[in-house]
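# Examining the three-dimensional arrangement
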Amino acid sequence: MAQQEVLTSHPFNNVTENIFSKIGANLHRRQNHPICIIKEAIYDFFNSQRPGTYAKFDELHPVVSAAANFDEMLVPAGHVSRSPNDTYYIDADTVLRCHTSAHQAATLRQGHPAFLITGDVYRRDSIDQSHYPVFHQMEGLRVLEPDEYGGDPAAGAAAAERELKELLEGLAQHLFGSGTECRWVDAYFPFTTPSFELEIFFNGQWLEVLGCGVVEQQILDKNGFEGRRAWAFGLGLERLAMVLFQIPDIRLFWAEDQRFLKQFRAGDLRTAFKPYSKYPACFKDVSFWLPETGFTENNLCEVVRGAAGDLVEAVELIDAFTHPKTGRTSNCFRISYRSMERSLNDEEINAIQAQVREELTAKLGAELR
Ligand code: DAH
């Protein structure tokens, strides 16, 4: 079987052709691409803090075991992120990683006490200008030496937290300019205690830019760093790039369009993206009765993405009601189509919309109204 068939033919499989086609694009390794520029800037910062300390990985394959993606990171059975509504499964035991944390345990087992891992991650999600089913994350981790904190475990955890916060605040200044305001928000991740999110104040609002914390002791104990203490973080590169370069739509990262690509230069964090003319959007509403069970917005978005590829800009629920007598629920979604590159014509949009309508019935069991 061709590799593509292997990756899309298992009965449990929910990886569409559209998603499959993104594997290997490696935006984070293309020189002068904004995602790569951010990656390099973060590398520079960490190198400046502790030269030679961090091992860097950016070629780890996104197909990983469910064990690596979830179990080794202590994600509990039944956690929403394990659901095939949220994660792409190739078969029951194999997924497209939904975070770069999928490589944390194995990298520790290889004996690396400090590392930065960059890669593409995949999540089934709703569709709008800041959500795309593939995006890029960087995972960072450092195990502290006992002599850095005098050997006492509690002191070690406190030292790890202190270093983590100092470093990430420094990173925010490095990327967004000195004087950038930051704040820490308590969070929950199965793999850290305590856990935090960092928010930065940018253009008048607080933005969440990363998750982090003190690594769960079990993860270190089981993977070759018994009794040690460590911090870790995971940050989204698109999020940072959109804010930093003022990129209005996440699909632009995927556009092989010189008007986009030629605006960015390796090493330059101060580019402000100049939008080229925006082509008109075309809106199509679709109303249907939901099947008795199993309908989700993510499933609808997958169907739309499959039919429209990157021509879909947003999918939005605009009306919902339940019939008082039959108890059936009706939804109306508005689908916005817009190309980043050209004007769309009615014919092609009508053909896409017809396919969406057909698959809503055939694949999702909806009844069109
Ligand atoms: N994996 C988390 C996510 O995708 C981000 C994250 C949070 C990574 C805390 C970490 C961490 O390593 O310690 O949302």
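As shown above, the structure is provided for reference.
Let me begin by describing the structure that accompanies this report. Throughout, residues of each chain are indexed from 1 in the direction in which the sequence is written. Two thresholds apply to this predicted model, a pLDDT of at least 70 for residue-level local features and 80 or more for giving and counting side-chain atom pairs, whereas whole-chain, interface and lining totals are computed over all residues. Excluded from the side-chain calculations are hydrogens and water; all other atoms, namely the structure's heavy atoms, are used.

## Looking at the layout of surface pockets
Heads up, the rule is: Two kinds of site are reported from a 1 Å grid over the protein atoms alone, namely cavities, where a 1.4 Å probe fits but cannot get out, and pockets, open sets with protein on both sides within 12 Å along at least five of seven lines, and residues are called lining when an atom falls within 4 Å of a point. Grid points are joined across faces, edges and corners, and a volume is the space filled by probe spheres set on the points. In the scheme used here, Gly and all other residues not listed as nonpolar or charged are polar, with Ala, Val, Leu, Ile, Met, Phe, Trp, Tyr, Cys and Pro taken as nonpolar and Asp, Glu, Lys and Arg as charged. Helix and strand labels come from DSSP, where a helix needs a run of H or I of at least four residues and a strand needs a run of E of at least two; each type is numbered from the N terminus. An automatic or database domain assignment supplies the start and end points of every domain.
There is about 1100 Å³ of room inside the largest pocket. Looking at the largest pocket, it is lined by 41 residues, and the ones nearest its centre are Cys98, Arg123, Phe135, Gln137 and Glu208. Residue composition of the lining of the largest pocket, grouped by class: 18 nonpolar, 14 polar and nine charged. If you go around the second largest pocket, the residues you meet are Asn14, Thr16, Arg124, Asn299, Glu302, Val303, Gly306, Ala307, Gln355, Glu359, Lys363 and Leu364. Of all the secondary structure elements, the ones that give two or more residues to the lining of the second largest pocket are helix H11 (297-308) and helix H12 (346-362). Counting residues per element, the lining of the second largest pocket draws most heavily on H11, at five residues. Here the lining of the second largest pocket is built from residues that sort into three nonpolar, five polar and four charged. Structurally, the lining of the second largest pocket is a two-domain feature, drawing no fewer than three residues from each of domain 1 (3-261) and domain 2 (282-368).

## Let's talk about the sheet that holds strand S2 (residues 63-65)
To summarise the sheet geometry, strands pair through backbone hydrogen bonds and adopt either a parallel or an antiparallel arrangement. Quick note on the threshold: When DSSP finds two or more bridges between two strands, those strands count as paired. All axes are obtained by fitting lines to C-alpha atoms, using only the stretch in contact for helices, and the reported angles, taken between N-to-C directions, cover 0 to 180 degrees.
Within the open sheet, the three strands sit side by side as S2-S4-S3. Their pairing is antiparallel. The open sheet has two free edges, formed respectively by S2 and strand S3 (89-91), since each of these has just one partner strand. Neighbour-to-neighbour, the strand axes of this sheet turn through a mean angle of 35°, independent of strand direction. Bridge count for S3 against strand S4 (residues 94-96) is two bridges, and the pairing is antiparallel. Opposite tyrosine 89, over in S4, you have valine 95 as the bridge partner.

## Digging into the nonpolar core
Threshold: Among the buried residues, those of types Ala, Val, Leu, Ile, Met, Phe, Trp, Tyr and Cys that are joined through side-chain atoms within 4.5 Å form a nonpolar core. Exposure is judged per residue with a 1.4 Å probe applied to protein chains only, and the accessible area is read against the type maximum: over 50% gives exposed, under 20% gives buried, and values in between give partly exposed. We call two residues contacting when some pair of their heavy atoms lies within 4.5 Å.
Counting 65 residues, the largest nonpolar core has Ile42, Phe46 and Phe253 as the members making the most contacts within it. For this core, the leading source of residues is helix H7 (residues 153-176), giving nine residues. In contact with isoleucine 42, not counting residues within four places along its chain, are Met138, Leu171, Leu175, Leu235, Leu237 and Leu240. In terms of nonpolar packing, the next biggest core, distinct from the first, is built from 24 residues, Ile127, Val303, Val312 and Ala366 among them.

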